[in-house]
Amino acid sequence: MAKFTVYFKDKAIQAGVFDSGIVHIGRDDTNDVVVDSLAVAPAHAVAVVKGDDCVIKQLNEEFPLVVNNQRAKEWNLRNNDIVNIGKHYILYQTTGRFQEAVFTAPVANPDAGVEALNRRLDEAAKSTEANLQVMNGIHIGRVLRLRKAMTRIGHDGAGVVVIARRKDGYFVSALQGHDGLAVNREPLGDRIVRLNAGDVIVVDNVEMKFFPE
């Protein structure tokens, strides 16, 4: 599996784990890995993940692909390689198997490139939308709409989770810290958990119930 963690000024701001398939990286929020910077093209790069192998390719000639401070059209990523983008960078890591795979669609032909990627994005756009409702605290009753490819919830020092929206559902994992992060009263830890209707996520003692529309 492959893990992509986006850093800004050496601080992790989001992460995504992928079993296999095409991972789209760019500024637009329809991407699998979103980097909110004008130094990033709306469709900046595509990474093809097959087990522990990963090839990243440049998609836009005006926005160079830079890996380990070297420009390239295409790069075979290795564990702990860094994709440099302006003041942001993306750390690539190979990981062990998790309880839940975030994305499992196989890639029959890695060179199919953009055509296969566009098909996958069209399918993702049709996926069921969902929300979180705050169940306690001063914001009780508030509804948080999960519309982006990745939604970050929490704050430094109290734990942060990221909820990834995929064509096969919504998945929650810890981004920063683990203490106090739970799903249905079970500690989240290093797991990636697929959310089902009625599941309750706890971040900093705030309970949020997940429900699809």
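For the protein, the name recorded in an unreviewed UniProt entry is Forkhead-associated protein, with Methylomonas koyamae as its organism.

1. Considering the sheet that holds strand β20 (residues 200-203)
Hydrogen bonding along the main chain pairs the strands of a sheet, whether they run parallel or antiparallel. Reading across from one edge, β13-β12-β21-β20-β17-β18 is the order of the 6 strands in this open sheet, with antiparallel pairing throughout. In this open sheet, the two edge strands, each paired with only one partner strand, are β13 (143-146) and β18 (186-187). Of the pairings in the sheet, the one linking strand β17 (residues 182-183) to β18 comprises 2 bridges and is antiparallel in character. From the neighbouring strand, A182 faces β18, where its bridge partner is P187.

2. Brief notes about the pattern of salt bridges
If charged atoms from side chains of opposite charge come close, those side chains can pair. Taken as a whole and assessed by the stated rule, the structure comprises 2 salt bridges. A salt bridge links K73 to E61; the shortest N-O distance between them is 2.5 Å. Note that K73 is positioned in the loop between β8 (70-71) and β9 (74-77) and E61 in the loop between β6 (53-58) and β7 (66-67), a separation of 12 residues in sequence. You'll find K73 and E61 in the same group, each marked exposed.

3. Considering the nonpolar core
Among the nonpolar cores identified, the biggest contains 26 residues, and F4, V33, I56, L77, V83 and I90 are the most heavily contacted of them. Elements represented by at least two residues in this core include exactly β1 (2-8), β3 (20-26), β5 (45-50), β6, β9, β10 (82-85), β11 (88-94) and β15 (160-166). Domain assignment of the residues forming this core places at least three in each of domain 1 (2-94) and domain 2 (129-212). Dropping the residues within four chain positions of it, I90 is found in contact with F4, T5, V6, I25, V33, V35, D81, I82, V83 and I85.

4. Quick notes on the pairing of β20
Two elements, β17 and β20, share 2 bridges in a ladder whose sense is antiparallel. Counted as the bridge partner of V183 is I201 from β20. Looking at chain direction, β20 and strand β21 (residues 206-212) are connected through 4 bridges and run antiparallel. Bridging from a neighbouring strand, I201 pairs with M208 of β21. Counted along the chain from β20 to the antiparallel partner β21, the turn is 2 residues long, and its residue D204 has a positive phi close to 55°.

5. Section: the environment of K9
Mapped onto the elements, K9 comes out in the loop between β1 and β2 (11-18). Put simply, K9 and H88 are 79 residues apart on the chain and 6.8 Å apart in space, counted from C-alpha to C-alpha.

6. Re the packing of aromatic side chains
A complete count under the given rule lists 4 aromatic pairs for this structure. Both rings, one in F4 and one in Y92, keep their centres 5.5 Å apart while their planes meet at 55°; by these two values the pair is tilted. Here F4, found in strand β1, pairs with Y92, found in strand β11; they are 88 residues apart in sequence, far enough to count as distant. An identical accessibility class is assigned to F4 and Y92; each is buried. Centroid distance Y7 to Y89: 5.0 Å. Interplanar angle 10°. Geometry classified as stacked. In this pair, Y7 is assigned in strand β1 and Y89 in strand β11, connecting sequence segments 82 residues apart. In this structure Y7 comes out as buried when scored by relative accessible area, which is 19%. Clustering of aromatic rings is evident, with ring pairs tying together F4, F18 and Y92.

The rules behind the values
- Residues numbered from 1 in each chain as written.
- Predicted model: local features only at pLDDT ≥ 70, side-chain atom pairs only at ≥ 80, totals over all residues.
- Heavy atoms only, no water.
- Pairing = 2+ DSSP bridges.
- Helix = DSSP H or I, 4+ residues; strand = E, 2+ residues; numbered from the N terminus.
- Salt bridge = Lys/Arg side-chain N within 4 Å of Asp/Glu carboxyl O.
- Buried < 20%, exposed > 50% of the residue type's maximum accessible area, 1.4 Å probe, protein only.
- Core = buried A, V, L, I, M, F, W, Y, C linked by side-chain atoms within 4.5 Å.
- Domains from an automatic or database assignment.
- Contact = heavy atoms within 4.5 Å.
- Phe/Tyr/Trp six-rings, centres within 6.5 Å; stacked < 30°, edge-to-face > 60°.

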